[in-house]
Amino acid sequence: GNSVTQMEGPVTLSEEAFLTINCTYTATGYPSLFWYVQYPGEGLQLLLKATKADDKGSNKGFEATYRKETTSFHLEKGSVQVSDSAVYFCALSDSGYSTLTFGKGTMLLVSP
Amino acid sequence: NAGVTQTPKFQVLKTGQSMTLQCAQDMNHEYMSWYRQDPGMGLRLIHYSVGAGITDQGEVPNGYNVSRSTTEDFPLRLLSAAPSQTSVYFCASSPSNRNTEAFFGQGTRLTVV
């Protein structure tokens, strides 16, 4: 079956630090990969996506590259802000029905 | 745009009670899903629907029923609530393409005592 593994949190950083959140996956087919973000008290919203190998998704300064050879989709940002504090979920979809398999989530805490 | 609307936002149930979590979307999406979010577990798929009249089970369907009589609505029913169903529930909708994003509601926080 499908699975997504992402690094445990919380990740605690100072403002303007570099961020990496690791994500690896197992899938039977050729999945699409996503990063979703959940701000406190809210639902999930899409941060970025990549639909095929070597694609790079990017949004709001965040980036992730679909690496088929290492089955990875690590999230990076060069300079985090306090407003980036949230829970980040890596997810995949490889069915025709858009259902998602999620990792457990990584909480990011950014201090001024 | 309302997007995906879930009601209620909070609910406390006693063990054995039944209730329905409502989900409505106004984007004319074919696909709708229910997930539960538990600490340290991420989100897990309960049930999903690929169109009106069609539903299927996800990873953790036991104790839950769904139906899809219209494109817009996808209610989740708990027939006899158990403490193990204490969780945050999210409804999502998406167009009929696995490469597109899913849109999530704000969630329903359910406590079963």
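Residues numbered from 1 in each chain as written. Chains lettered and ligands numbered in written order. Predicted model: local features only at pLDDT ≥ 70, side-chain atom pairs only at ≥ 80, totals over all residues. Heavy atoms only, no water.

**Here we look at the pairing of strand S3 (residues 19-25) of chain B**
All names here are of chain B. Note the following rule: Accessible area is worked out with a 1.4 Å probe on protein chains only. A residue is then buried under 20% of its type maximum, exposed over 50%, and partly exposed in between. In this text, helices come from DSSP runs of H or I with a minimum length of four residues, and strands from runs of E with a minimum of two, each type numbered from the N-terminal end. Being paired, for any two strands, means DSSP has found at least two bridges between them.
Taking every second residue as pointing to the same face, the buried face of S3 carries Met19, Leu21, Cys23 and Gln25, while none of Thr20, Gln22 and Ala24 on the other face is buried. Bridge analysis of S3 against strand S8 (residues 76-78) gives three bridges, and the strand direction is antiparallel. From the neighbouring strand, Thr20 faces S8, where its bridge partner is Arg77.

**Some points on the side chain of Asp84 of chain A**
Residues and elements named next belong to chain A. Stated precisely, the cut-off is as follows: Here a polar contact is taken to be a pair of N or O atoms separated by no more than 3.5 Å, where protein atoms must pair a possible hydrogen donor with a possible acceptor and residues adjacent in sequence count only if both atoms sit in side chains.
Looking at the secondary structure, you find Asp84 in the loop between strand S9 (75-77) and strand S10 (86-93). Note on Asp84: relative accessible area 6%, which makes it buried. Within the local environment of Asp84, its side chain forms a polar contact with the side chain of Lys77, the two groups lying 2.7 Å apart.

**A closer look at the nonpolar core**
Selection rule: Here, nonpolar core means buried Ala, Val, Leu, Ile, Met, Phe, Trp, Tyr and Cys residues that are tied together by side-chain atoms lying within 4.5 Å of each other. Contact between two residues is taken to exist if any of their heavy atoms lie within 4.5 Å; hydrogens are not considered.
Leu19, Trp35, Leu47, Leu48, Phe73, Leu75 and Tyr88 of chain A are the most contacted members of the largest nonpolar core, which totals 25 residues. Of all the secondary-structure elements, those providing two or more residues to this core are strand S2 (11-14), strand S3 (19-21), strand S4 (23-26), strand S5 (32-38), strand S6 (44-50), strand S8 (62-65), S10 and strand S12 (106-111) of chain A. When residues of this core are assigned to their parent elements, the largest contribution, four residues, is made by S10 of chain A. Those residues in contact with Leu75 of chain A, other than ones at most four positions away along the chain, are Leu19, Thr20, Ile21, Trp35, Leu47, Leu48, Phe62, Glu63, Ala64 and Tyr88 of chain A. By size, the runner-up hydrophobic cluster in this structure holds 20 residues, among which are Leu44, Leu46 and Ala91 of chain A together with Ala92 of chain B.

**Thoughts on the sheet that holds strand S7 (residues 56-59) of chain A**
All names here are of chain A. Note the cut-off: Comment: axis = line fitted to C-alpha atoms, over the contacting stretch for helices; angle = value between 0 and 180 degrees taken between N-to-C directions.
The sheet built from four strands is open, its strands ordered S3-S9-S8-S7 with antiparallel pairing. With partners counted over all chains shown, the strands left at the sheet margins are S3 and S7, one partner each. Across the sheet, the axes of successive neighbouring strands diverge by a mean angle of 15°, strand direction being ignored. Note that S7 and S8 share four bridges and pair antiparallel. For Asn59, the partnering residue across the bridge sits in S8 and is Phe62.

**Concerning the side chain of Ser49 of chain B**
Residue and element names in this part refer to chain B. With respect to the secondary-structure elements, Ser49 resides in strand S5 (residues 42-51). Polar side-chain contacts of Ser49 include one of 3.0 Å to the backbone oxygen of Gly51. Of the polar contacts made by the side chain of Ser49, one reaches the backbone oxygen of Ile54; its length is 2.6 Å. Residues contacting Ser49, with those up to four places away along its chain left out, are Glu30, Tyr31, Met32, Ile54, Thr55, Arg68 and Phe74.

**Focus on the sheet that holds strand S7 (residues 64-66) of chain B**
Residues and elements named next belong to chain B. In space, the four strands of this open sheet follow the order S1-S3-S8-S7, with antiparallel pairing throughout. At either end of the open sheet lies a strand with only one pairing partner, and these are strand S1 (4-7) and S7. Across the sheet, the axes of successive neighbouring strands diverge by a mean angle of 20°, strand direction being ignored.

**Focus: the pairing of S5 of chain B**
All names here are of chain B. Buried residues dominate S5, accounting for 10 of its 10 residues. Pairing between strand S4 (residues 31-38) and S5: seven bridges, direction antiparallel. Within S5, the residue paired with Tyr35 across the bridge is Leu45. Between the antiparallel neighbours S4 and S5 lie three residues, among them Gly40 with a positive phi of about 75°. Examined bridge by bridge, S5 and strand S6 (residues 54-57) share four bridges and lie antiparallel to one another. Across the sheet, Tyr48 pairs through a bridge with Asp56, a residue of S6.

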